[in-house]
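Descriptive analysis of the structure
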Amino acid sequence: MKKVAILGSTGSIGTQTLDVVSANPDDLEVVAISASSNIKMLEEQIRQFHPRLCAVYNEDKAKELEANIKDVTPACRIVSGMDGLIELAVMEESDIIITAVVGMIGIVPTIEAIKAGKDIGLANKETLVTAGHIIMPLAKEKGVSILPVDSEHSAIFQCLNGERDNHISKILLTASGGPFRGMTREQLSGVTLEMALKHPNWSMGRKITIDSSTMVNKGLEVIEAKWLFGVEPSQIEVVVQPQSIIHSMVEFDDGAVMAQLGTPDMRLPIQYALYYPKRIFLDGKRLDFSTLSEITFSKPDPDTFLGLRFAYSAIETGGSMPTVFNAANECAVARFLDGKIRFLEIYEMIDYCMKNHKNIDNPDVAQILETEKWVYDSIESRWN
Ligand code: NDP
Ligand code: MG
């Protein structure tokens, strides 16, 4: 029985992780769940999955939930705040943590989980983008596996099976291009929040859906791939593949290209991370090559969708710059989701912060979090 703890169990990845657990009760058990404040869903999850621990970031909501689940047996302990997330990360009973929180809040719990020797099913890409230089060596030192959940990185990971000693010539990171593929900058100036929230192929949380529309998501994924697979950014090529059938590819030195294909369903990479290296049955749609009319490819347009351009520049500079790129995006997207800024202002905010930041080499966790604060303060004083 594999014991699973989930950071962010109420979100898109979190609930799909629970779907995988539900489908495999003989192999998987949920020992801990957590969220920011959605205690209604947490209560339902506690009653269905009987975890021993539940971390609620919001302290008042934690108290409310504690009162609401008094009748549940066996009892589920409720913890709160960052201390609560860390308690979940290091709890004795778990084997693997699925990091399904959104944003940089995942950094500290992920690091603590690795220190405690837990394997990580990593969905929370913002953590690797900002702290990859700390996380990857630490994972190696502690002998823990970082198993990618992001569909592209899971695809690359699958393509690398049995290829450990072979050199990767290139990673071909596929992108759907998002809802605004083919638009000009002028057309982008008029897009609304509602339009940006409609992803053509994937149903995901709100923040990553906006990130897909700006191509910041793909930029974050380039940096994520650099850390996960130890390649140079120049070896990572983004290929637009609008049908989201090819989830990514790897080219080797002999020119052979391995690809992983499938219908867009996040339960597959989640399940693969939970069962690695085993494959088990997954109840879902299959690709039907007799009706699949085409798989098309094109180049991204980094002059219009600046997300990619910023990402390559941030990773080239290194140090704290990827944190600035990520944090400015998190701050800007939160404002866009609140209806406070226009779509193109997301790029303006990232650009402004990256241009004004004094880079810190090899930042530790405290410096990463200070950089995050600097970004929020800079945006606040420039835009309010
Ligand atoms: P959602 O917005 O759907 O869910 C986010 C989860 O994080 C919720 O459970 C939320 O709780 C929780 N959360 C947010 N803030 C905190 C906090 N301070 N403390 C504890 N929990 C918190 O996001 P997604 O599931 O879409 O994405 C999660 C991560 O996975 C992101 O990093 C994303 O980039 C990545 N990812 C997602 C994919 C997808 O298909 N959705 C695909 C590939 C990667 P609450 O409900 O209370 O707010
Ligand atoms: Mg992805």
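Please refer to the structure higher up on the page.
Residues numbered from 1 in each chain as written. Chains lettered and ligands numbered in written order. Predicted model: local features only at pLDDT ≥ 70, side-chain atom pairs only at ≥ 80, totals over all residues. Heavy atoms only, no water.

1. Things to note about the overall build of the chain
Helix and strand counts for the chain come out as 16 helices and eleven strands. Computed over its C-alpha atoms, the radius of gyration of the chain comes to 20 Å, within 12% of the 21 Å expected for a compact globule of 384 residues. Projected onto the principal axes, the alpha-carbon positions of the chain cover approximately 55 × 55 × 40 Å. Taking all 384 residues of the chain together, 54% fall into the buried category. Within the chain, contacts between residues at least 6 apart in sequence are counted, and of these 70% link residues at least 24 apart. For the chain, the accessible area works out to roughly 16,900 Å², and carbon and sulfur atoms hold 49% of it. Treating the 37 positive side-chain charges of the chain as one cloud and the 52 negative ones as another, the clouds have centres 2 Å apart. (Helix = DSSP H or I, 4+ residues; strand = E, 2+ residues; numbered from the N terminus. Rg over C-alpha atoms; globule rule 2.2 N^0.38 Å. Buried < 20%, exposed > 50% of the residue type's maximum accessible area, 1.4 Å probe, protein only. Contact = heavy atoms within 4.5 Å. Areas by Shrake-Rupley, 256 points an atom, 1.4 Å probe, with all protein chains shown as cover. Lys, Arg positive; Asp, Glu negative; His and termini not counted. Charge placed at Lys NZ, Arg CZ, Asp CG, Glu CD.)

2. Focus: the sheet that holds strand β10 (residues 246–252)
The four strands are arranged β9-β8-β10-β11 in an open sheet whose pairing can be described as mixed. Unpaired on one side and paired on the other, β9 (236–240) and β11 (257–261) mark the two borders of the sheet. Neighbour to neighbour, the strand axes of the sheet diverge by 20 degrees on average, direction disregarded. Sheet analysis places strand β8 (residues 168–175) next to β10, joined by four bridges and oriented antiparallel. What sits directly across from Lys-170, in β10, is Glu-251. (Pairing = 2+ DSSP bridges. Axes fitted to C-alpha atoms, helices over the stretch in contact; angles between N-to-C directions.)

3. With respect to the packing of aromatic side chains
Enumeration according to the criterion identifies eight aromatic pairs in this entry. Judged by centre distance (5.3 Å) and plane angle (90 degrees), the ring pair of Phe-180 and Phe-343 falls under edge-to-face. Of this pair, Phe-180 sits in the loop between β8 and α8 (185–188) while Phe-343 sits in the loop between α14 (321–337) and α15 (345–356), and the two are 163 residues apart along the sequence. One exposure class covers both Phe-180 and Phe-343, and it is buried. On the numbers, 6.3 Å between centres and 75 degrees between planes, the contact of Phe-343 with Tyr-347 is edge-to-face. Grouping residues by exposure puts Phe-343 and Tyr-347 together as buried. By way of ring pairs, the aromatic residues Phe-180, Phe-310, Phe-336, Phe-343 and Tyr-347 are connected into one cluster. Over the ring of Trp-383 we find Arg-382, and its NZ or CZ is 4.3 Å from the ring centre. (Phe/Tyr/Trp six-rings, centres within 6.5 Å; stacked < 30°, edge-to-face > 60°. Lys NZ or Arg CZ within 6 Å of the ring centre and 35° of its normal.)

4. What about the pattern of salt bridges?
Overall, the coordinates contain 20 salt bridges when judged by the stated rule. Between Asp-351 and Lys-355 there is a salt bridge, and its shortest N-O distance comes to 2.9 Å. Residue Asp-351 and its partner Lys-355 are located together in helix α15, separated by four residues, close to a single helical turn. On the basis of relative accessibility, which here comes to 27%, the residue Asp-351 falls in the partly exposed class. Because the salt bridges share partners, they merge into one network encompassing Lys-125, Asp-150, Glu-152, Lys-218 and Glu-221. (Salt bridge = Lys/Arg side-chain N within 4 Å of Asp/Glu carboxyl O.)

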